[in-house]
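Descriptive analysis of the structure
Here are the chains, one letter per residue:
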Amino acid sequence: FFELRTSDGLEAVSTGKFDVGILFFSLNSKAFMVQKLRTMGLVFNHLAYKPVHIYLRQGHPLAQKGSVREEDLQGIPRISYDRSVDTDTLFTDVMDLHPSCLINVTDRAAAYTMMQELDGFLIASGYRTELERRNGMVSLPLEGQEPWEVGYVLHAKARKTELLEEFLTCFQRELEKE
C-alpha cells in the first residue's frame, strides 16, 4: 500500500507500476476525472458515495460538534497534502471556502503535525485508520457538500485477479465501517 498524490497514483496505475488505485473525488469534478482517466488508459469502478469530512485533533474547539459548516472553519488553517505544482485543484478542492491560511505539505505525516500544532484541519474522506483513531484524530462531516465518489481505478487492459478481488472486498468492508 502506497499513499500518493492523486496525479502520482494515477500515473503509477497507468504505467503498470501498481495494479490498482483507490480514488476519491468530488462529484463536480467527475467529468474532468473521467476524461483524465480515459486519456491515461484507466477505468474507474464505483464503490460508494461518502460525505466529505474534515479531520481535527481530538482537543480542537470544533471536535465535539456532530458536524461542521464552512463558516465554522473561518480563521482556522487548512492543511492540504495532495498538492504540488502539477496537481490540478479539481483533484482535491471540494469547498468554496478560501481560508486565510492554506498550508501545503507533501505528505500525511507533515499534515498531521501541522494539524496538531496549529489547530488546523484537513479535508478528507472520513475513513480513518485504526492508528488515526487511537491517536485522537476526529472526523466530522462537512455540511453542505456533495458527497465524494469513491472507487478504484485499473488500467483498461487489466484483469481482476483473485488477490485484487480479495483486496477490494476488504476495502469495501472498511468503507462500510465509517
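Scroll up to find the structure this text is about.
Bear in mind that the values here come from a model prediction, so they are computed numbers and not experimental data. (Residues numbered from 1 in each chain as written. Predicted model: local features only at pLDDT ≥ 70, side-chain atom pairs only at ≥ 80, totals over all residues. Heavy atoms only, no water.)

Let us look at the nonpolar core. Grouped together as the largest cluster of nonpolar side chains are 14 residues, with contacts concentrated most on Ile-54, Leu-73 and Phe-121. Secondary-structure elements contributing two or more residues to this core are β3 (53-57), β6 (121-124) and β7 (137-141). Residues in contact with Ile-54, not counting those within four places in the same chain, are Val-68, Leu-73, Phe-121, Leu-122, Ile-123, Val-138, Ser-139, Leu-140 and Leu-142. Tyr-81, Ala-111, Tyr-112 and Met-115 belong to the second-largest nonpolar core, a separate cluster that totals 11 residues. (Core = buried A, V, L, I, M, F, W, Y, C linked by side-chain atoms within 4.5 Å. Buried < 20%, exposed > 50% of the residue type's maximum accessible area, 1.4 Å probe, protein only. Helix = DSSP H or I, 4+ residues; strand = E, 2+ residues; numbered from the N terminus. Contact = heavy atoms within 4.5 Å.)

With that settled, consider the side chain of His-53. With respect to the helices and strands, His-53 occurs in strand β3. Looking at His-53, the relative accessible area reads 12%, which means it is buried. Within the local environment of His-53, its side chain forms a polar contact with the backbone oxygen of Pro-51, the two atoms lying 2.8 Å apart. The residues contacting His-53, other than those within four sequence positions of it, are Leu-122, Ile-123, Ala-124, Ser-125, Gly-126, Ser-139, Leu-140, Pro-141 and Leu-142. (Polar contact = N/O pair within 3.5 Å; in protein donor to acceptor, adjacent residues only side chain to side chain.)

Looking now at the sheet that holds β3. Taken in spatial order, the 5 strands line up as β5-β4-β6-β3-β7 in an open sheet, and their pairing is mixed. Both outer strands of the open sheet, β5 (102-104) and β7, are each paired with one neighbouring strand and no more. On average, adjacent strands in this sheet sit at an angle of 35° to one another, irrespective of strand direction. Judged from the 3 bridges that link them, β3 and β6 form a sheet pairing that is antiparallel. Pairing of His-53 across the sheet is with Ala-124, part of β6. (Pairing = 2+ DSSP bridges. Axes fitted to C-alpha atoms, helices over the stretch in contact; angles between N-to-C directions.)

This next bit is on helix α3 (residues 108-118). Those residues of α3 lying buried are Ala-111, Tyr-112 and Met-115. Down the axis of α3, the buried set is contained in an arc of 100°. They therefore lie on one face. Opposite the packed face of α3, turned more than 90 degrees from it, sit the exposed residues Ala-109 and Glu-117. One side-chain oxygen of the residue at the start of α3 lies 3.1 Å from the amide nitrogen of Ala-109, identifying that residue as Asp-107. (Arc of directions from axis to C-beta.)

Below, the discussion takes up the packing of aromatic side chains. Taken as a whole, this structure holds 3 aromatic pairs when the rule is applied. Note on Phe-24 and Trp-148: the rings are 6.2 Å apart at their centroids and 65° apart in plane angle, and the pair reads as edge-to-face. In this pair, Phe-24 sits in strand β1 (residues 21-26) while Trp-148 sits in strand β8 (residues 148-155), placing the two residues 124 residues apart along the sequence. (Phe/Tyr/Trp six-rings, centres within 6.5 Å; stacked < 30°, edge-to-face > 60°.)

What follows deals with the pairing of β8. Most of β8 sits inside the fold, with 7 of its 8 residues counted as buried. One ladder, built from 6 bridges, connects β1 with β8; its direction is antiparallel. In the strand pairing of β8, Ser-26 is matched with Trp-148. Here strand β2 (residues 42-50) pairs with β8 via 8 bridges, running antiparallel. Across the sheet, Leu-42 pairs through a bridge with His-155, a residue of β8.

Function-wise, these values are silent; they only describe arrangement.
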